[in-house]
Amino acid sequence: MSDASRLPAGRKADVAKHVAEHGQVTVTALAEHFAVSADTIRRDLDQLDSEGLIIRTHGGAMSNSAIPWHDTGLDDRSRLQPDQKEQIGLTAAELVEDGSVLFINGGTTTLALVKHLSRRRELIIATNSLRVPAEISADACRDLYVIGGHVRLSGQVTVGPVVFASSVSGVATDIRVDLALLGVGAVDAGGISTTNLDEAAMLAQMASRARRVAILADSTKLDRRLFATIGTLEIADYLITSTAPTGALAKALAESSVEVLTPDAAHHDRHQDKHRVKEDS
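Anyway, here's the lowdown on the structure attached to this text. What you see is a predicted model; the values in this text were computed from it and never measured. (Residues numbered from 1 in each chain as written. Predicted model: local features only at pLDDT ≥ 70, side-chain atom pairs only at ≥ 80, totals over all residues. Heavy atoms only, no water.)

Considerations on the overall build of the protein
Line of reasoning, step 1. Along the backbone of the protein there are nine helices and 17 strands.
Line of reasoning, step 2. Among the 281 residues that make up the protein, the fraction classed as buried is 49%.
Line of reasoning, step 3. At a minimum sequence separation of 6, the contacts of the protein that also span at least 24 residues come to 59%.
Line of reasoning, step 4. Total accessible area on the protein is roughly 13300 Å²; 51% of this is exposed by carbon and sulfur atoms. (Helix = DSSP H or I, 4+ residues; strand = E, 2+ residues; numbered from the N terminus. Buried < 20%, exposed > 50% of the residue type's maximum accessible area, 1.4 Å probe, protein only. Contact = heavy atoms within 4.5 Å. Areas by Shrake-Rupley, 256 points an atom, 1.4 Å probe, with all protein chains shown as cover.)

Have a look at this one:
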C-alpha cells in the first residue's frame, strides 16, 4: 500500500472503494487491511456515511449497491445520495404552482421535495406516504388525502388502489391531478420500474390519472431495470435527476419526448407553454 493511500483523503476514497467491492465489511477487517486504528476507521465510515457513499452499520459498513431495497427502512435509504435527493427535490418543486392538485408517492426523494413546497399555497395532495402528512407545511396544503391499503412499515407507505370514496356518499369517485411526482427505483431505455408488483401497479394508476408526470430518480437509479415495470418512458413528461443521462437512455428519453431536468438547469423557467400536457383519457 502506497504512502498516499494512508493520507486521510486518499484512505477514505480507498475505504469507500473497498466497501463497494466487498459489499459489507467490519471495522476490524478494515482496520487490519488499512493498518490503522479502529477509531480511525470509524471516523472514516461516519464521514462516508454522511456523504451518502456507504451505509454505516453496527460494527461496520455496507455498500449502497448491497442494500436490499425491498425491506430497507426509509431512514436508512434517506442516507443514500442525500445531496442528490435534495437538489432533485428543489428542482421538482419548481414544477409546482399555487393551487396545484398533486400525486406524491412515498420515498426519500419525494420527501426531499415536500419540504421545498412550504412557499406554495392552496395545494391539494394525494399520497400513499405516511410521512408526508407530518412533513408538508400546513400553510401550503389546503387538502391532503392518504391513499388506503396495506401498510409497508419499512417504507412507511400504503399500497392499494388509487381510489377515494366520498365521506358523504361513500361512493368511490374517480380523480384527476395536475401533476404526479413519482420517486422510482430504476429508469432505463426500456421503461420505469420498481421492486414491488403492487407498488408498480399503484404508480401506474397515479401516472394514468395525471395531466403531467414527473419521474424523480437520482443517478444511481439510471440505466437499471428492477423486477416490476411501472410503464414505458412515454408515461413521463419529465425525468428529474442529478446528472443528465447519456447513451441509450438519453436517446430513448428524447424519442419519448421526456424533458430531462437537472439541478444545474434549475434556474430556468419551467412553467412555459412548451410543456407537453397529456390528454385526459
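From this point on, the discussion continues.
Comments concerning the nonpolar core
Line of reasoning, step 1. The biggest cluster of nonpolar side chains holds 31 residues, and the ones touching the most others in it are Val 187, Ile 192 and Ile 215.
Line of reasoning, step 2. Of all the secondary structure elements, the ones that give two or more residues to this core are strand S11 (177-183), helix H8 (197-208), strand S14 (210-216), strand S15 (228-231) and helix H9 (247-255).
Line of reasoning, step 3. Examining the composition of this core, we find that five residues originate from one element, H8, more than from any other.
Line of reasoning, step 4. Not counting the four nearest positions on each side in its chain, Val 187 is found in contact with Ile 192, Ile 215, Ala 217, Lys 221, Leu 222, Asp 223, Arg 224, Leu 233, Leu 239 and Leu 249.
Line of reasoning, step 5. With 24 residues, the next largest nonpolar core counts Leu 123, Ala 140, Leu 179 and Leu 181 among its residues. (Core = buried A, V, L, I, M, F, W, Y, C linked by side-chain atoms within 4.5 Å.)

A closer look at the packing of helix H1 (residues 8-22) against helix H3 (residues 38-50)
Line of reasoning, step 1. Remark: H1 packs on H3, axes separated minimally by 10 Å, with the N-to-C direction vectors making an angle of 75°. Taken together, the axes of H1 and H3 lie roughly perpendicular to each other. Taken together, the residues of H3 that come into contact with H1 (itself represented by Arg 11, Lys 12, Val 15 and Ala 16) are Thr 40, Ile 41, Asp 44, Leu 45, Gln 47 and Leu 48.
Line of reasoning, step 2. Split by residue class, the contact of H1 with H3 holds five nonpolar, two polar and three charged. (Axes fitted to C-alpha atoms, helices over the stretch in contact; angles between N-to-C directions. Parallel < 35°, antiparallel > 145°, perpendicular 65-115°, else oblique. Nonpolar A, V, L, I, M, F, W, Y, C, P; charged D, E, K, R; others polar.)

Re the side chain of Asp 44
Line of reasoning, step 1. Mapped onto the elements of the fold, Asp 44 is located in helix H3.
Line of reasoning, step 2. The contact partners of Asp 44, leaving out residues within four places of it in the chain, are Arg 11, Lys 12 and Val 15.

Re empty space enclosed by the protein
Line of reasoning, step 1. Counted according to the given criterion, the structure contains two cavities of 30 Å³ or more.
Line of reasoning, step 2. For the second largest cavity, the calculated volume is near 40 Å³.
Line of reasoning, step 3. What lines the second largest cavity is simply Val 187, Ile 192, Ile 215, Leu 233, Ala 236, Tyr 238, Leu 239, Leu 253 and Val 258. (1 Å grid on protein atoms, 1.4 Å probe; cavity = no way out; pocket = protein on both sides within 12 Å on 5 of 7 lines; lining within 4 Å. Points joined across faces, edges and corners; volume = space filled by probe spheres on them.)

Some words on the sheet that holds S15
Line of reasoning, step 1. Taken in spatial order, the three strands line up as S12-S13-S15 in an open sheet, and their pairing is antiparallel. Unpaired on one side and paired on the other, strand S12 (186-188) and S15 mark the two borders of the sheet. Going from strand to strand, the sheet's axes swing by 35° on average, the running direction of each strand aside.
Line of reasoning, step 2. Where strand S13 (residues 191-194) lies against S15, three bridges are found, and the strand directions are antiparallel. Its bridge partner being in S15, Ile 192 is matched across the sheet by Gly 231.
Line of reasoning, step 3. The strands that H8 touches are S13 and S15; relative to S15, the one it contacts most, it runs at about 0°. (Pairing = 2+ DSSP bridges.)

Here's the deal with unusual backbone geometry
Line of reasoning, step 1. Positioned with a positive phi, Glu 122 is a non-glycine residue whose angle comes to about 60°.
Line of reasoning, step 2. Tracing the backbone through its elements, the reader meets Glu 122 in the loop between helix H6 (108-114) and strand S5 (123-127).
Line of reasoning, step 3. Here Asp 223, not a glycine, exhibits a phi torsion of approximately 60°, which is positive.
Line of reasoning, step 4. By the element assignment, Asp 223 lies in the loop between S14 and S15.

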